[in-house]
Amino acid sequence: MTREDPGVKGWGALGLLALLWGGAFAFIAVAVDTLPPSIIVLSRLTLAAVVLTAWVFYRRRRFPPLRDVRWLWFFGLGLAGNALPFLLIAIGQKTVPSGIAGILMGMMPLTVIAAAHFLLPNERLTARKGLGFVIGFSGIVILMGPAALKGMLEVDFLAQLLIFIATLCYAANAVMYQAAPETPPSVIAAGSMICAAVLSLPVAIYDLVAGPPISPSLPSILAVIALGLLPTALATIVYMTIARKVGAAFIALINYMVPVVAAIIGVLRGEEMTLTTLIALCVILLGVYVARRKPKPYSPRTGA
């Protein structure tokens, strides 16, 4: 499949995804006050699956028969893109500071472009693209601060490993979707979300049976509903609609934009915008520009 230039719609969708996924952390912070991670994951996935299934019927699409091989792809996409990384990140962040988690998540675009180079013929790695992503990752490090890098040696290694595995899951999801059989985006979105919800069910049941009693507060319930509707359901619709048109490497840029959105949300909540944050923002945007800038066509000079 030939990749299209992202254009205004592509960049607009990327910005919307950054807003949705960047704002998810605020909802999660409220939800975990009174709910265990497994219940949050199951609830948001189930709500998103219902919404996306309704979207399929609204679009007058049909799910493939259960014996169709595409359900295996839905299973893989649901596992790698939702159920497993959601749970791993939630568990890991019990002991890993958000700054270190941000740096680990910032490695995802580099993983995507490396994997896509070998697995997708239209996603070859170039020196310019690689340089852009390295610059973008440098911006992540600046944003999180040198102390966060030092802290990587001081916190639970296993928890960090869980978060890093989650980044590999997201990278695998981005590459898998490019190679999946041709299917309407709405059907892939709903099918993978249904599978993700089913996969998250056993862990949630175990926590309900073996864990302490839960008494969710109204803010936590509302936060879970917001998680299901916005960064899960709506974001999945946007992602599935544009991903194949613009390619895995372009979508991977979202992981550099999410920290920027998080910083802006922090300012709106009354946090101070520091010089370090502004510098990091400029570096991240420079990396995006370098990664996406098209080389000028070669035009041999003529004359004496």
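Below is a short write-up of the structure.

## Structural notes on the overall build of the protein
- The helix and strand tally for the protein stands at 13 helices and zero strands.
- The order of helices and strands in the protein, counted from the N terminus, is α-α-α-α-α-α-α-α-α-α-α-α-α.
- Looking at the 304 residues of the protein, the share that counts as buried comes to 48%.
- Long-range pairs, those at least 24 residues apart, make up 91% of the contacts in the protein with a sequence separation of at least 6.

## Things to note about the nonpolar core
- Leu45 and Leu52 are the most contacted members of the largest nonpolar core, which has 37 residues in total.
- Of all elements in the fold, only helix H1 (7-31), helix H2 (37-58), helix H3 (70-92), helix H8 (157-179), helix H9 (185-210) and helix H10 (218-246) reach the threshold of two or more residues within this core.
- The biggest single contributor to this core is H9, with eight residues.
- Excluding anything up to four places from it in sequence, leucine 52 contacts Ala189, Ala190, Met193, Ala233, Thr236 and Ile237.
- Counting ten residues, the second-largest nonpolar core is a separate cluster that includes Ile40, Ala204, Ala223 and Leu227.

## What to know about H9
- Helix length check: H9, at 26 residues, gives a terminal C-alpha distance of 38 Å against a target of 38 Å (1.5 Å per residue), a fit within 8%.
- Maximal helix bending in H9 amounts to about 35°, located at leucine 201; proline proline 202 follows within four positions.

## Considering H2
- A rise of 1.5 Å per residue sets the reference length of H2, with its 22 residues, at 32 Å; its end C-alpha atoms lie 31 Å apart and thus fit the reference within 8%.
- Remark: arginine 60 follows H2 within two positions and exhibits a positive phi of approximately 60°.

## Side note on the packing of aromatic side chains
- Counted according to the given criterion, the structure contains three aromatic pairs.
- Their ring planes at 80° and their centres at 6.4 Å tell us that phenylalanine 57 and phenylalanine 63 sit as a pair that is edge-to-face.
- Assessed through its relative accessible area of 57%, phenylalanine 57 is described here as exposed.
- Classification of phenylalanine 63 as partly exposed rests on a relative accessible area of 24%.
- Taken together, the ring pairs in this structure connect Phe57, Phe63, Trp71 and Phe74 into an aromatic cluster.

## Quick look at the environment of valine 238
- Residue position: valine 238 is located in helix H10.
- Assessed through its relative accessible area of 14%, valine 238 is described here as buried.
- For the pair valine 238 and glycine 10, spaced 228 residues apart in sequence, the C-alpha to C-alpha distance is 9.9 Å.
- Sequence-distant contacts of valine 238, defined by excluding residues within four places in its chain, comprise Ala13, Leu16 and Leu17.

Here is what the cut-offs are and how they apply
- Residues numbered from 1 in each chain as written.
- Predicted model: local features only at pLDDT ≥ 70, side-chain atom pairs only at ≥ 80, totals over all residues.
- Heavy atoms only, no water.
- Helix = DSSP H or I, 4+ residues; strand = E, 2+ residues; numbered from the N terminus.
- Buried < 20%, exposed > 50% of the residue type's maximum accessible area, 1.4 Å probe, protein only.
- Contact = heavy atoms within 4.5 Å.
- Core = buried A, V, L, I, M, F, W, Y, C linked by side-chain atoms within 4.5 Å.
- Expected span 1.5 Å × (residues − 1).
- Bend = angle between axes of the 7 residues up to and from the residue.
- Phe/Tyr/Trp six-rings, centres within 6.5 Å; stacked < 30°, edge-to-face > 60°.

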